[in-house]
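Secondary and tertiary structure notes
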Amino acid sequence: MAAVQETIEQVRGIDVDQYRYGFETLIESDKAPKGLSEETVKFISEKKNEPAWMLQWRLEAYRRWLTMTEPTWARVDYPRIDFQDLYYYAAPKPKKTVSSLDEIDPEILKTYEKLGIPLREVAMLEGVEPKPGEEDPARRKIAVDAVFDSVSVATTFKAELKKAGVIFMPISEAIREHPELVQKYLGSVVPTSDNFYATLNSAVFSDGSFVYVPPGVRCPMELSTYFRINERNTGQFERTLIIADKGAYVSYLEGCTAPQRDENQLHAAVVELVALDDAEIKYSTVQNWYPGNSEGKGGIYNFVTKRGDCRGANSKISWTQVETGSAITWKYPSCILRGDNSRGEFYSIAISNGYQQVDSGTKMIHLGKNTTSRIISKGIAAGKSQNTYRGLVTAHRKALGARNFTACDSLLIGDKCGAHTVPYIEAKNSSATFEHEATTSKISEDVLFYCIQRGLSQEEAVGLVVNGFVKDVLQQLPMEFAVEAQKLISISLEGSVG
Amino acid sequence: MTALLDIRGLKAEIDGRQILNGLDLAVNKGEIHAIMGPNGAGKSTLSYVLSGKPGYEITGGEVFFNGEDLLAMDPDERAAKGLFLAFQYPLEIPGVATLTFLRTALNAQRKKRGEEELSSPDVLKRVRELAKQLSIDPEMLKRPLNVGFSGGEKKRNETLQMALLEPKLCVLDETDSGLDIDALRIVADGVNRLRAADRGMIVITHYQRLLDYIVPDVVHVLAAGRIVKTGGKDLALELEATGYAQYQSEAA
Ligand SMILES: Nc1ncnc2c1ncn2[C@@H]1O[C@H](COP(=O)(O)OP(=O)(O)O)[C@@H](O)[C@H]1O
Ligand SMILES: [Mg+2]
């Protein structure tokens, strides 16, 4: 802890509030009345100063939602959610502030330390308040500089993005500033009527990101670091819309490897991606929400609808996900391969431990000619968890020459967990070629012993073997993130053996 | 002088079947002991019990490693304290590059001993040197550990790990099996380079051949879970001529 201790000293003087206010819009603390009604929807829309068309859109979704029932086909089990017992709008609460890192749960600090996250960032994420009157000018300068660094980095990012013509802002702002783009694309991939949770999200979504990359532009940076800093408090009904215009390219990184604690139990996000002719979108997620305690109490329900539309010819959408958190995960990032020669990819690592339940996979809908898709899924089940891969690959009548390759590998750690593979394949034309491979194996005691004989602890051995198992997918992540994800995988498997 | 390894009356069973039947053996620093014996005698079992593989039940006896109670230590602690087992059948770890494995193991041991961890470039430098001595192609270090390696490559890799980890006690279980004469020479040279005044070795083998290259100080015959005969290096030649039949009947 020596290095950590030193940095703790340094962050004591950080002016965290200045940092926070520099980034986030202040909304006066307000809560909508409990429960869901047209009034709630109007309240949200009003709070956000939305134009009339947006309110109309939300209300239609709400009315639609009233006619729908909660899906039950996933292999997950949880008590019924009382949708009238939830708050649908609360101004983002500033995180509970503490005056120094010493007040933060040592367990959480340990996790940050293992992830190698710089402590100034820990202080930001955990909301450490500056100590008034603590004056060590030299030390103070270092710390403040560090924070200001992040601020200036973010500002530089903004300027650079603007120069390239890339629009990157909260969707609530985009609704006001770029209504023509939002109106054209919002709900065009995941219609308001799509499914129970997506429809709910359409009615009450809080905020999220909006990205538009103009024709021929290669986004000059990963939309990641900046986002990582800003991502706190996105709320439980996140809505993200990313459009890559003709010939554009963007790589977007969602999430944060740091532990994410949230008081909202139900999360129902919608992410829509649109790739026009020759465009490419790479979307990477690391999800590390609270999984619940060791008895299976608490934890986030993560019911997400993510879909990409390869609308143009030769377009490409690639999803990469590392799912280690949440009590329940219900998530199928999908691709509609509409444009001829378009390509969809899904790379997934889903880890479940304790009492976690994961039902995740993808859909590859081949509509255009010579469309191709590739699915690489690695499921790891430990503890008493259940881990299901659910995938759908279809080829439409006109999708001549469609090709898919699917490889689903499951690894079991211990004998109280379960891994399941549920692939659906439909080809409506005979020229489609679909290949599917699946394996399920138990982590080998002999391999673990071999590692342990070389000096690794049981947990280090499991971490090493699992990281080897998921290597093909980790390689899809942007470099600096892959390293953190690798550590996160080891951490999330702690206590899975022994 | 305390022996490096002191085994007294060791009895062990697996799945309710007794395999070691009161085994005594003492190895001093600087010595190489060969253990020979028929198939099924319990040679591998001895190596597993010493290194702490789960599944074995110790039903009697004691083992001291540098004067400490070896059987009370966790297996990774035994490794960090310098006990190394070269496996008869080295295991494969898909997706984990050989170099990554070597670095992880070395640093895991160093961390447990309270030593500073070595940086990746430092580890790479040491591994490169050792690999060269063992005629291991540096490209092999990038390949996943033991995956698709030939029998000879696996055994050379075990020797590489042993050289990098610099253990106090090396237990080599049938390191010669599956090696052609050239590979055997390379591996034996590697082992001989590790001979040192403060290091002991137990070389388990079924055949005398290996002992032409790794010349032992003491030779033991293990049969039916016990050391039944001990002698000098000539004992190995004697066994080559007479076979193990007499010991098998003696034990039964
Ligand atoms: N899991 C087990 N259950 C029962 N017997 C076993 C088990 N594993 C090994 N044995 C037996 O233990 C004996 C000794 O095996 P081993 O130590 O591998 O012999 P060696 O290495 O000398 O050839 C053999 O008879 C073998 O069949
Ligand atoms: Mg054997």
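Residues numbered from 1 in each chain as written. Chains lettered and ligands numbered in written order. Predicted model: local features only at pLDDT ≥ 70, side-chain atom pairs only at ≥ 80, totals over all residues. Heavy atoms only, no water.

1. Observations regarding the pattern of salt bridges
All told, the structure shown has 29 salt bridges over all chains when counted by the stated rule. With its nearest N and O atoms 3.2 Å apart, the salt bridge here joins Asp-446 of chain A to Lys-53 of chain B. One end of the pair, Asp-446 of chain A, is in helix 12 (residues 445-453); the other, Lys-53 of chain B, is in the loop between helix 1 (43-51) and strand 4 (56-65), on a second chain. One salt bridge connects Asp-6 of chain B with Arg-8 of chain B, and the closest N-O pair in it is separated by 2.9 Å. A single salt-bridge network, built from bridges that share partners, covers Glu-280, Lys-316, Arg-343 and Glu-345 of chain A. (Salt bridge = Lys/Arg side-chain N within 4 Å of Asp/Glu carboxyl O. Helix = DSSP H or I, 4+ residues; strand = E, 2+ residues; numbered from the N terminus.)

2. Let's talk about helix 4 (residues 52-66) of chain A
Residue and element names in this part refer to chain A. Spanning 15 residues, helix 4 covers 21 Å between terminal C-alpha atoms, matching the ideal 21 Å at 1.5 Å per step. Those residues of helix 4 that sit buried are Met-54, Trp-57, Arg-58, Leu-59, Ala-61, Tyr-62 and Trp-65. In the core, the buried residues of helix 4 are packed alongside helix 3 (38-47), helix 8 (171-177), helix 10 (196-204) and strand 3 (239-244). (Expected span 1.5 Å × (residues − 1). Buried < 20%, exposed > 50% of the residue type's maximum accessible area, 1.4 Å probe, protein only. Contact = heavy atoms within 4.5 Å.)

3. Some details on the interface of chain A and chain B
In this complex, chain A contributes 17 residues to the contact, which on the side of chain B involves 32 residues. Together, the buried faces of chain A and chain B total about 1,900 Å²; carbon and sulfur atoms form 68% of this surface. Area buried by chain A at its contact with chain B is led by Phe-449, Tyr-450 and Arg-454 of chain A, which between them contribute 39% of it. On the surface where chain A and chain B come into contact, there are four salt bridges. Scanning the region where chain A abuts chain B turns up ten residue pairs in polar contact (both at pLDDT 80 or more). Elements with a contribution of two residues or more to the side of chain A that touches chain B: helix 12 and helix 13 (458-469) of chain A. (Buried area = accessible area lost by both parts, 1.4 Å probe. Polar contact = N/O pair within 3.5 Å; in protein donor to acceptor, adjacent residues only side chain to side chain.)

4. Some thoughts on the sheet that holds strand 9 (residues 218-223) of chain B
Note on sheets: strands pair through backbone hydrogen bonds, and any given pair is parallel or antiparallel. All names here are of chain B. Spatially, 6-7-8-3-9-10 is the arrangement adopted by the six strands of the open sheet, whose pairing is mixed. With one partner strand each, in any of the chains shown, strand 6 (83-86) and strand 10 (226-231) form the two edges of the open sheet. Taking each pair of neighbouring strands and ignoring which way they run, the sheet shows an average axis angle of 20 degrees. Taken together, the five bridges between strand 9 and strand 10 define a ladder with antiparallel strand orientation. Note on strand 10: the bridge partner recorded for Val-219 is Gly-231. (Pairing = 2+ DSSP bridges. Axes fitted to C-alpha atoms, helices over the stretch in contact; angles between N-to-C directions.)

5. Structural notes on the coordination of the magnesium ion (ligand 2)
Within the protein, Ser-44 of chain B (OG) and Gln-88 of chain B (OE1) serve as the donor atoms for the magnesium ion (ligand 2), at 2.1 to 2.5 Å. Of this pair, Ser-44 of chain B sits in helix 1 while Gln-88 of chain B sits in the loop between strand 6 and helix 3 (98-112); the two residues are 44 residues apart in sequence, bridging distant segments of the chain. (Donors = N, O, S within 2.8 Å, 3.2 Å for Na, K, Ca; no water.)

6. Topic: the nonpolar core
With 117 residues, the main nonpolar core has Ile-380 and Val-466 of chain A together with Ile-202 of chain B as its most contacted residues. Residues within four places of Ile-380 of chain A in sequence aside, it is in contact with Ile-349, Ala-350, Ile-351, Ser-352, Asn-387, Leu-411, Ile-413, Val-466, Phe-469, Val-470 and Leu-493 of chain A. Ranked by size, the runner-up nonpolar core spans 48 residues in total, among them Trp-65, Ile-81, Ile-175 and Trp-330 of chain A. (Core = buried A, V, L, I, M, F, W, Y, C linked by side-chain atoms within 4.5 Å.)

7. Some remarks on the packing of aromatic side chains
Residue and element names in this part refer to chain A. Counted under the stated rule, the structure contains 18 aromatic pairs over all chains. Cluster of aromatic residues (ring-pair linked, three or more members): Tyr-62, Trp-65, Phe-83, Phe-196, Tyr-197, Tyr-301, Phe-303, Trp-330 and Tyr-332. Taking the ring centre of Tyr-249 as reference, the NZ or CZ of Arg-218 above it sits at 4.0 Å. The lysine or arginine in question, Lys-378, covers the ring of Phe-469, its NZ or CZ lying 5.1 Å from the ring centre. (Phe/Tyr/Trp six-rings, centres within 6.5 Å; stacked < 30°, edge-to-face > 60°. Lys NZ or Arg CZ within 6 Å of the ring centre and 35° of its normal.)

8. Some remarks on the confidence of the model for chain B
In this model, chain B carries an average pLDDT of 93, and 98% of its residues clear a pLDDT of 70 or more. The ipTM value of the predicted complex is 0.96, and its pTM value is 0.82. (pLDDT = per-residue confidence, 0-100.)

9. Looking at the environment of Ser-188 of chain A
All names here are of chain A. Mapped onto the secondary structure, Ser-188 falls in the loop between helix 9 (179-185) and helix 10. Classification of Ser-188 as partly exposed rests on a relative accessible area of 27%. Separated by 86 residues in sequence, Ser-188 and Val-274 place their C-alpha atoms 8.7 Å apart. Contact partners of Ser-188, with chain neighbours within four places excluded, come to Glu-272, Val-274, Asp-309 and Arg-311. There is a polar contact of 2.9 Å between the side chain of Ser-188 and the side chain of Arg-311.

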